[in-house]
Amino acid sequence: MTKILAVFGATGRQGGSVVNNVLADPEISQQFRLRAITRDVSSEKIKELRERGVEIVSGDANDRSSLETALHGVHTVFAMTAPAFGPDAFDVQVNSVKHIADAAVAQGVEYIIFSTLPSVVDISGEKYKAVIPFDAKAKGEEYIRILPIKSAFISLGYFMDNFQSQPFLAPRPAPDGTWVMLRHTSPKEVLPFIDADADTGKFVTAILAEPDKFEGKRVHAAASLHTIEEVVDILAKTTEKKITFKLVSEKEMRAMLPDFAADIFIDAFNYGNEFGYFGPGTAELVADGAKLARGKLTTFEEYQQKHPLRLDDAQKGAWKHGGA
């Protein structure tokens, strides 16, 4: 008899990847029926999921009663939360995790897989306190671990499409017609990269295949590590543009970031440069995690070859340097 796997964020990148990989896996697709939990049951993406045989159920992470209804009869939950912004961002995101987890326990769900992130505050000894999207997920993981429910966690690396989806992170046009990757931290800083759309589900299906093996464990999900210098070289190769790295001051870097997220990214850059994305032992954690994935992972170069960075789209507007 098949079990129900409830997926939050099924129309997004992480949840969508879980849906795609479960449906494509000959073994896992026979063990689980998919249920997408969503606030909008009439969107085009939801219609596509329904056509693929996914059950659609209304549920809102901010509405505990709707979640209990949505999770009735569910065996396993894949849960993820989107970052919040504003003065109460931390509490908003943590409460979303708590609502999902509490509803799962109340409905007798047996297993929860939560998309987490490292605690920057803890790893840095409270040196960096502004990376709220990371710390809120880490606090959510901490809460789930004390509940009477089996659990496992995936901690995703740096998304390969960040340079396109967050253009302030991408190379910028220089006056001479070339492009420059600007950072206030070392070009030797190392980042773990993941194709979130294609590969998140490969880690989740690995957990679904052997839940007892992964119970209480955190899987660090990334395909490989690259320095910022290597990123620049790969982007130059795949875009066929001349791209160089330039070190700028923290003040200059802050001027190039959106106001609502400047503190977050400045602290995130500094934290990663000093402690590593996943903290001490990041390289080993990434290597160990990659071995666990259920299927071949996409390399950063493969991703950029398939989805070349559209520099002109990512960077429209004037050259901004030094806050000018």
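Overview of the structure. Quantities reported herein were computed from a predicted structural model and do not represent experimental measurements. Numbering of residues starts from 1 in each chain and follows the order in which that chain's sequence is written. In keeping with the predicted nature of the model, local features appear solely for residues at pLDDT of at least 70, side-chain atom pairs appear and are counted solely at 80 or more, and the whole-chain, interface and lining totals rest on all residues. Side-chain metrics in this entry use all non-hydrogen atoms of the structure; hydrogen atoms and water are not considered.

### Some thoughts on the packing of aromatic side chains
Between rings of Phe, Tyr and Trp, where Trp is taken as its six-membered ring, a pair exists when centres lie within 6.5 Å; planes separated by under 30 degrees are stacked, by over 60 edge-to-face, and by other angles tilted. Evaluation of the coordinates by the stated rule reveals 12 aromatic pairs. Judged by centre distance (5.6 Å) and plane angle (70 degrees), the rings of phenylalanine 134 and tyrosine 277 are edge-to-face. In this pair, phenylalanine 134 is assigned in helix α7 (residues 132-145) and tyrosine 277 in the loop between α13 (262-275) and α14 (282-292), connecting sequence segments 143 residues apart. Consider the rings of phenylalanine 265 and phenylalanine 269, whose centres lie 6.2 Å apart with planes at 45 degrees: the pair is tilted. Within this pair, phenylalanine 265 and its partner phenylalanine 269 are both found in helix α13, separated by 4 residues, close to a single helical turn. Phenylalanine 269 carries the same exposure label as phenylalanine 265, and that label is buried. Within the aromatic cluster, the residues linked to one another by ring pairs are Tyr158, Phe163, Phe193 and Phe300. Secondary structure elements follow DSSP: runs of H or I of four or more residues count as helices, runs of E of two or more count as strands, with numbering from the N terminus. The rule is simple: take the accessible area with a 1.4 Å probe, protein chains only, and divide by the maximum for that residue type; under 20% is buried, over 50% is exposed, in between is partly exposed.

### Quick look at the sheet that holds strand β8 (residues 172-173)
Whenever strands of a sheet pair, they do so through backbone hydrogen bonds, lying parallel or antiparallel. A pair of strands counts as paired when DSSP detects no fewer than two bridges linking them. The strand order β8-β9-β13 describes an open sheet built from 3 strands, whose pairing is mixed. The two strands at the open ends of the sheet, each matched to only one other strand, are β8 and β13 (243-247). As defined by bridge partners, strand β9 (residues 179-183) adjoins β13 across 5 bridges and the pair is classed as parallel. Bridge pairing in β13 places arginine 183 opposite leucine 247. Across the face of the sheet, helix α11 (residues 228-239) comes into contact with β9 and β13 while running at roughly 150 degrees to β13. In what follows, residue pairs with any heavy atoms lying within 4.5 Å of each other are defined as contacts. Whenever a helix is involved, its axis is fitted only over the stretch in contact; in every case the axis is a line through C-alpha atoms, and angles between N-to-C directions fall within 0 to 180 degrees.

### Comments concerning α7
With 14 residues, α7 should reach 20 Å at 1.5 Å per residue; the first-to-last C-alpha distance of 20 Å fits that figure. Looking only at α7, the buried set comprises Pro133, Phe134, Asp135, Ala136, Lys137, Ala138, Gly140, Glu141, Tyr143 and Ile144. Check the buried side of α7 and you find it contacts α5 (89-106), β5 (111-116), α6 (120-123), β6 (150-156), β11 (218-221) and α13. To estimate the expected span of a helix, subtract one from its residue number and multiply by 1.5 Å.

### Quick notes on the side chain of threonine 227
Relative to the helices and strands, threonine 227 resides in strand β12 (residues 224-227). If we skip the residues at most four places from it in the chain, threonine 227 touches Pro187, Lys188, Glu189 and Val190.

### Let's talk about the sheet that holds β12
Reading across from one edge, β7-β10-β12 is the order of the 3 strands in this open sheet, with mixed pairing throughout. The two strands at the open ends of the sheet, each matched to only one other strand, are β7 (158-159) and β12.

### Some remarks on the nonpolar core
The nonpolar side chains of a soluble globular protein tend to be buried, and buried together. In this structure, Phe163, Phe193 and Phe300 are the most contacted members of the largest nonpolar core, which totals 44 residues. When contributions to this core are tallied by element, the ones reaching two or more residues are β9, β10 (190-194), α11, α13 and α15 (300-306). Ignoring anything within four residues of it in the chain, the contact list for phenylalanine 193 reads Tyr158, Phe159, Met160, Phe163, Ala222, Ala223, Ser224, His226, Val231 and Phe300. Here the nonpolar core consists of buried residues drawn from Ala, Val, Leu, Ile, Met, Phe, Trp, Tyr and Cys, with membership extended through side-chain atoms lying within 4.5 Å. In this structure, Phe78, Leu156, Val204 and Ile207 belong to the second largest nonpolar core, which totals 34 residues.

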